[in-house]
Amino acid sequence: MRISDDRYQRDRQRIEIAVQFIEHEARTRTIRQWTGLTDDRIRKLYRSYLREHQGRLVPRHRGKSPQQVAHFVRTARLRHESALFASICLMTGVIAEAAPSAVGNSGRLIQNMQRAQLLCRAYDSYRGLIPRPLLSFEHAEFLVRTLQRGEELRLTRCGGCGAVLVADRLALRTPHCYGCVS
Ligand SMILES: [Zn+2]
C-alpha cells in the first residue's frame, strides 16, 4: 500500500510540474528532462490543458531549444537580466554557487521535482521584476543547465559591489556590474 501511495504521489507531482512547465511554454523535451514523463503523456497533458483552458492558445515551441550560451552575455541588458535570474536561482536553491557538485557522474544534471518547482517560481519572480523580460522560460532553463555545468559560463561576483554576475568561463578580468561600470 505504502509503496503504491508513494508512487501515486510522485506521479501526481510529475504531472503538476509538467502542467506548470506547459504554462511557461516549455518544450516537450524540456518537460521530459525534468519530469521523466514520456512524450506521449506530455502530449496528452497539452491536449487536456488546452481543453480545460477553452482553447486559450499556449504557444508551442517546436524545434530546437536555445543553445547559444553567448546569448546570455551578448548585451548589457541581457547580462543584467541573466544575472538577475541567476541571483534569484541562487537565493531559492535552484542552483548552487559551487555548481559542479550538482552534476552527477554521468555529467547530467541532477534534476528533481523540487528543483523543477523552484525553477518555475524563480522564473515567475524574474518575470515579476522585469516588465518585458528578454529571457523566455526555455532560455532561463537553459541558463540554469549551463551554469550548473560550469563549462562555458560561470557565476561570479562584481569586483565593485559583489553582486552576482554571469560571466564567460574564460574571461580573465574581474567583471563589473552595470552600476559599477558607469
Ligand atoms: Zn557592481
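Residues numbered from 1 in each chain as written. Predicted model: local features only at pLDDT ≥ 70, side-chain atom pairs only at ≥ 80, totals over all residues. Heavy atoms only, no water.

Q: Looking at this structure, how should I read unusual backbone geometry?
A: Glycine aside, the phi torsion of most residues is negative, and most peptide linkages are trans. In this model, E25 sits at a positive phi of 65 degrees, which is unusual for a non-glycine residue. Relative to the assigned elements, E25 resides in the loop between α1 (2–23) and α2 (28–35). A relative accessible area of 32% means that E25 is categorised as partly exposed. (Helix = DSSP H or I, 4+ residues; strand = E, 2+ residues; numbered from the N terminus. Buried < 20%, exposed > 50% of the residue type's maximum accessible area, 1.4 Å probe, protein only.)

Q: Could you clarify how one ought to interpret the coordination of the zinc ion in this entry?
A: For a metal bound by four donors in a tetrahedral arrangement, the ideal donor-metal-donor angle is 109.5 degrees, while six donors in an octahedral arrangement ideally sit at 90 or 180 degrees. At the metal site, the zinc ion is ligated by C158 (SG), C161 (SG), C177 (SG) and C180 (SG), and these contacts range over 2.3 Å. Because the angles between the four donor atoms bound to the zinc ion fall within 104 to 116 degrees, the donor set is best described as tetrahedral. Read from N- to C-terminus, the donor residues coordinating the zinc ion fall into the pattern C-x2-C-x15-C-x2-C. C177 sits in the buried class, given a relative accessible area of 15%. A relative accessible area of 31% places C180 in the partly exposed class. (Donors = N, O, S within 2.8 Å, 3.2 Å for Na, K, Ca; no water. Tetrahedral: all angles 85-135°; square planar, octahedral: opposite > 155°, others 65-115°.)

Q: Please clarify how the environment of E81 should be interpreted in this entry.
A: Structurally, the position occupied by E81 is in helix α4 (residues 76–92). Between the alpha carbons of E81 and Y126 there is a distance of 8.3 Å; along the sequence they are 45 residues apart. Discounting chain neighbours no more than four positions away, the residues touching E81 are Y126, I130, R132, P133, L134 and L135. (Contact = heavy atoms within 4.5 Å.)

Q: Before we go on, may I ask you to explain the packing of α2 against helix α3 (residues 39–52) in this structure?
A: It is at 10 Å that the axes of α2 and α3 come closest, and there the two elements cross at 115 degrees. For the pair α2 and α3, the crossing hand works out as right-handed. Residues T28, I31 and R32 of α2 touch α3, and the partners they reach there are D39, I42 and Y46. Residues of the contact of α2 with α3, tallied by class, amount to three nonpolar, one polar and two charged. (Axes fitted to C-alpha atoms, helices over the stretch in contact; angles between N-to-C directions. Left-handed = near helix turned anticlockwise from the far one by under 90°. Nonpolar A, V, L, I, M, F, W, Y, C, P; charged D, E, K, R; others polar.)

Q: What's the story with the packing of aromatic side chains in this structure? I'm lost.
A: Two aromatic rings, taken as a pair, are described by how far apart their centres are and by the angle between their planes. Following the criterion strictly, the structure yields seven aromatic pairs and no others. The interplanar angle of 85 degrees and the centroid separation of 5.0 Å between the aromatic rings of F21 and F137 together place this pair among those described as edge-to-face. With F21 in helix α1 and F137 in helix α6 (residues 137–149), this pair connects stretches of sequence that are 116 residues apart. Across this residue pair, the class does not change: F21 and F137 are buried. When the ring of F85 is compared with that of Y123, the centres are 6.3 Å apart and the planes differ by 70 degrees; the resulting orientation is edge-to-face. Of this pair, F85 sits in helix α4 while Y123 sits in helix α5 (residues 113–129), and the two are 38 residues apart along the sequence. When sorted by exposure, F85 lands in the same class as Y123, which is buried. By the ring-pair criterion, three or more aromatic residues cluster together here, those being F21, W34, F85, Y123, Y126 and F137. (Phe/Tyr/Trp six-rings, centres within 6.5 Å; stacked < 30°, edge-to-face > 60°.)

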